[in-house]
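Coordinates in review
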Amino acid sequence: MESIDIIIPCKDEEENIEHIYSEIMKLEPEVKKVGDVNLNIIFIDDGSKDNTSKCIKKLSEQYKNVSYVIFSKNFGKESAIYAGLKKSIGDYAVIMDCDMQDPPIFIVDMYKFMKEGFEAVGTKRKNRVGEPIIRSFFSNSFYNIFNMLSKTQIPNGMRDFCMMSVKFKNAILSNMEKNRFFKGLFCNVGFKVKWIEFENVNRYKGNTKWSFKNLLFYSIEGLLSFSNMPILVSSIVGIICCIISFITMLFVVIRAIIYGDRVIGWPSMVSIMLFLQGLQFLFIGVIGIYISKNYIELKNRPLYFVEEES
Ligand code: UDP
Ligand code: MG
């Protein structure tokens, strides 16, 4: 008999735990029509401040297909996904949000595709109906910039919701980096991947756990871990500035030889100097960010600490 491990990262989701469990289990007969398989649920409590861990423990006492990892504090969804994948020992692993925005019904289709020989099934949203316009704008811009700057291409609207084989899961786990960006890692693996699309669904209960600031930093981190383009762009702009300043220098020298050196153009000189110095600081900053990323990787700190595990 096969098994599917459904990994669910949770942060302050006390209202959603039981609901998602029952919704998933309602599907078990459907999934069993596709193959002889058991569903196991792995909840990862990412430092919740409400009763999430209590709800998870209660479920795990009631049902033997529920297990959990409780983090010592909030380490972020990426760390929770990693912890879940490491804990999973089943034939297939699913990553899924706790708030019903990843409709469990797709697990049936995903499993069908896996049986057809795909190594992974990824999902993306058809639209962003119900999402604040400003958030949609920034999300769309993020995907466009990411795909322009990185060799790894992420479909616009991609969700972390996916199913993968052991081979695919191990490929993802073999990326040892600390600055983890699951969508990028998923799209970078290769193998045979099937994509399915679905309409945007609103949260069942509670609020999003991502503030605008969190999302912005998350996007920048994701981009930096999959592209060296910002450094390359800095160098190219630097070279262009050198060429322009060399031509201007020639012009100034020749003009001084022909017409004599009259002190004119002081304001333009100051503005050019200020502009170039601004660029220099900006690009030193870009390089600094990459160096700080190296520093974090070098320290090799654990991605999370576990308070309790079943
Ligand atoms: N989540 C988490 N750690 C965090 C933030 C979120 O484990 O620091 C979980 C959260 O409980 C949910 C999933 O990640 O199951 C997606 O979060 P959310 O629904 O808030 O994000 P959104 O759907 O708004 O992008
Ligand atoms: Mg959500």
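Coordinates for the structure precede this section.
Presented here is an overview of the structure given in this document. Since we're looking at a predicted model, the values are computed, not measured. (Residues numbered from 1 in each chain as written. Chains lettered and ligands numbered in written order. Predicted model: local features only at pLDDT ≥ 70, side-chain atom pairs only at ≥ 80, totals over all residues. Heavy atoms only, no water.)

Another point: the side chain of Glu119. Relative to the assigned elements, Glu119 resides in the loop between α5 (106–115) and β5 (120–125). Only 2.5 Å separates the side chain of Glu119 from the side chain of Ser165, close enough to count as a polar contact. Setting aside chain neighbours within four positions, we find Glu119 in contact with Met114, Met163, Met164, Ser165, Lys167, Phe168, Phe191 and Lys192. (Helix = DSSP H or I, 4+ residues; strand = E, 2+ residues; numbered from the N terminus. Polar contact = N/O pair within 3.5 Å; in protein donor to acceptor, adjacent residues only side chain to side chain. Contact = heavy atoms within 4.5 Å.)

In an ideal octahedron of six donors the angles at the metal are 90 or 180 degrees, and in an ideal tetrahedron of four donors they are 109.5 degrees. For the magnesium ion (ligand 2), every protein donor is listed as Asp99 (OD) and Gln101 (OE1), and the spread of their distances is 1.9 to 2.0 Å. Note on accessibility: Asp99 and Gln101 belong to one class, buried. (Donors = N, O, S within 2.8 Å, 3.2 Å for Na, K, Ca; no water. Buried < 20%, exposed > 50% of the residue type's maximum accessible area, 1.4 Å probe, protein only.)

Attention shifts here to the site of ligand 1. Not every one of the 17 residues close to ligand 1 is listed here, only the nearest: Glu13, Asp46, Asp99, Thr208 and Lys209. The separation between an oxygen atom of ligand 1 and a polar main-chain atom of Pro9 is 2.8 Å. Contact distances for ligand 1 include 3.3 Å between an oxygen atom and a side-chain N or O atom of Trp210. Burial of ligand 1 by the surrounding chains reaches 91%, relative to a free accessible area of 530 Å². For the shell around ligand 1, the class distribution of residues is four nonpolar, four polar and nine charged. (Near = heavy atom within 4 Å. Areas by Shrake-Rupley, 256 points an atom, 1.4 Å probe, with all protein chains shown as cover. Nonpolar A, V, L, I, M, F, W, Y, C, P; charged D, E, K, R; others polar.)

What follows covers the packing of helix α4 (residues 77–87) against helix α7 (residues 166–173). Running from N to C, α4 and α7 cross one another at 130°; their axes reach a closest spacing of 10 Å. Relative to α7, the element α4 lies oblique. For the crossing formed where α4 meets α7, the hand is left-handed. Only Lys169, Ile172 and Leu173 of α7 make contact with α4, whose side of the interface consists of Tyr82, Leu85 and Lys86. Classifying every residue of the contact of α4 with α7 by side-chain character gives four nonpolar, no polar and two charged. (Axes fitted to C-alpha atoms, helices over the stretch in contact; angles between N-to-C directions. Parallel < 35°, antiparallel > 145°, perpendicular 65-115°, else oblique. Left-handed = near helix turned anticlockwise from the far one by under 90°.)

Before going further, it helps to spend a moment on a nonpolar patch on the surface. Together, Ile239, Ile243, Phe246, Ile247, Met249, Leu250, Val253, Ile254, Ile257, Ile258 and Tyr259 give the surface a local cluster of nonpolar side chains, amounting to about 1,200 Å² of exposed area. Within the secondary structure layout, Val253 lies in helix α10 (residues 229–259). (Patch = residues over 30% accessible without salt bridge, like charges linked within 9 Å, V, L, I, M, F, W, Y side chains within 5 Å. Salt bridge = Lys/Arg side-chain N within 4 Å of Asp/Glu carboxyl O.)

Our next topic: unusual backbone geometry. Its identity as a non-glycine residue notwithstanding, Met100 has a phi of 70°, on the positive side. Relative to the helices and strands, Met100 is located in the loop between β4 (92–95) and α5. Positive phi, normally seen in glycine, also occurs at Phe191, with a value near 65°. Along the chain, Phe191 falls in the loop between α8 (182–189) and β7 (193–198).

Pairing within the open sheet is mixed, and its eight strands lie in the order β7-β5-β6-β4-β1-β2-β3-β8. Lying at the two open borders of the sheet, with one neighbouring strand each, are β7 and β8 (306–309). Direction aside, neighbouring strands of the sheet carry axes that sit 20° apart on average. Note: β4 against strand β6 (residues 158–165), four bridges, orientation antiparallel. Among the inter-strand pairings, Val94 is bridged to a residue of β6, identified as Met163. In this fold α4 packs onto β1 (2–10), β2 (37–45), β3 (66–71), β4, β6 and β8, with an angle of close to 140° to the strand it touches most, β3. (Pairing = 2+ DSSP bridges.)

Applying the stated criterion across every chain, the model contains zero disulfides. For the unlinked cysteine Cys10, the closest cysteine sulfur is that of Cys98, found at 4.0 Å. (Disulfide = S-S within 2.5 Å.)

One way to put it is that α7 packs onto α8 with a least axis distance of 10 Å and a crossing angle of 125°. The angle between α7 and α8 falls in the class oblique. The crossing of α7 and α8 is right-handed. Where α7 approaches α8, its residues Phe168, Ala171 and Ile172 are matched on the opposing element by Phe182, Phe186 and Val189.

The next thing to look at is empty space enclosed by the protein. Across all of its chains, the model carries one cavity of 30 Å³ or more by this definition. The calculated volume of the largest cavity comes to roughly 30 Å³. Around the largest cavity, the lining residues are Glu78, Ile81, Tyr82, Leu85, Ile172, Arg180, Phe182 and Leu185. At the level of elements, α4 and α8 are the ones that each hand at least two residues to the lining of the largest cavity. No other element matches α4, which puts four residues into the lining of the largest cavity. Grouping the constituent residues of the lining of the largest cavity by class yields six nonpolar, no polar and two charged. (1 Å grid on protein atoms, 1.4 Å probe; cavity = no way out; pocket = protein on both sides within 12 Å on 5 of 7 lines; lining within 4 Å. Points joined across faces, edges and corners; volume = space filled by probe spheres on them.)

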